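Here are the chains, one letter per residue:
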Amino acid sequence: MNTVDITPQTRLLRPALGMAMLTLLGFGLAYSLLATGLGRALSPYTATGSLVTRDGVVAGSTLLSQPFASARYFMGRPTASGHDPMAMAGSNLAHSNPELMQRITAARKAVAQREGVPLERVPADLFTQSGSGSDPHISPEAARLQIARVAQARHLPAEEVAKLVSAHTEGKQFGLLGQPRVNVLALNLALDTMK
């Protein structure tokens, strides 16, 4: 009867398990704790979600889109995730997909009707979704298009609302990256403070 010596396999198992535990604890736990600690120390506002509070209650995050449906507020980009940060995603429909084209056409018509402008004046960011589905910004053109509606709904002079939009228009990041943009939540919260 032949016997099989399993000692070489046993000798290899111990270092493999040791390396697996070291990797799990080192990279899975220690690195995560270190990165979280450094993030909170170097940038506590963004590390905790860039939450905006009003009267002690969280009103939203400057990093994520929020739904605004009232005519009294500026509205952000449409989203495939329904403004759910746990379901961030685009629609994954190809540019050639007829369903995508129908949705874009319907959204563009809805914005044009809501704002009382011709289709050609509707900026693309008001009828197309961002890649993540959670973009909290709109273009300055998209914000300016909504000034008349918001001013009328709030019984404010359009010039005052336009000044607020200008004050909340951010330039390119670091002066180089991206395009000028307006954070919808910040703009709407500032709008609520106007008399």
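See the structure above.
Below, the structure is looked at part by part.

**Here's the deal with unusual backbone geometry**
Backbone geometry places His155, a non-glycine residue, at a positive phi of 55 degrees. Notably, Phe174 is not glycine yet its phi reads approximately 60 degrees, a positive angle. Here Phe174 lies in the loop between β4 (169-170) and β5 (181-183).

**A look at the packing of aromatic side chains**
Scanning the entire structure with this criterion turns up 1 aromatic pair. Aromatic pair Phe68 and Tyr73: ring centres 5.5 Å apart, planes at 40 degrees, arrangement tilted.

**Comments concerning the side chain of Arg154**
Among the structural elements, Arg154 can be located in helix α5 (residues 147-154). A polar contact of 2.6 Å, which involves the side chain of Arg154, links it to the backbone oxygen of Arg72. At a separation of 2.7 Å, a polar atom in the side chain of Arg154 contacts the side chain of Asp192.

**Overview of the nonpolar core**
Core analysis: the largest hydrophobic core is formed by 29 residues, its most contacted members being Phe74, Val122, Leu126, Ile138 and Val161. Every element with two or more residues in this core is listed here: α3 (98-115), α4 (140-145), α5, α6 (158-167) and α7 (184-192). With residues up to four places along the chain from it excluded, the contact list for Phe74 reads Phe68, Ala143, Gln146, Ile147, Arg149, Val150, Val161, Val165, Val184, Leu187, Asn188 and Leu191.

**Section: the environment of Gly116**
Along the chain, Gly116 falls in the loop between α3 and β3 (137-138). C-alpha separation for the pair Gly116 and Leu145, spaced 29 residues apart in sequence, amounts to 9.5 Å.

**Remarks on the sheet that holds β4**
Pairing is antiparallel in the open sheet, where 3 strands are placed in the order β3-β5-β4. The sheet terminates laterally at β3 and β4, the two strands that pair on one side only. As defined by bridge partners, β4 adjoins β5 across 2 bridges and the pair is classed as antiparallel. Across the sheet, Thr169 pairs through a bridge with Val182, a residue of β5. In the packing of α7 onto the sheet, the strands contacted are β3 and β5, and the crossing angle to β5 comes to about 60 degrees.

What counts and what doesn't
- Residues numbered from 1 in each chain as written.
- Predicted model: local features only at pLDDT ≥ 70, side-chain atom pairs only at ≥ 80, totals over all residues.
- Heavy atoms only, no water.
- Helix = DSSP H or I, 4+ residues; strand = E, 2+ residues; numbered from the N terminus.
- Phe/Tyr/Trp six-rings, centres within 6.5 Å; stacked < 30°, edge-to-face > 60°.
- Polar contact = N/O pair within 3.5 Å; in protein donor to acceptor, adjacent residues only side chain to side chain.
- Core = buried A, V, L, I, M, F, W, Y, C linked by side-chain atoms within 4.5 Å.
- Buried < 20%, exposed > 50% of the residue type's maximum accessible area, 1.4 Å probe, protein only.
- Contact = heavy atoms within 4.5 Å.
- Pairing = 2+ DSSP bridges.
- Axes fitted to C-alpha atoms, helices over the stretch in contact; angles between N-to-C directions.

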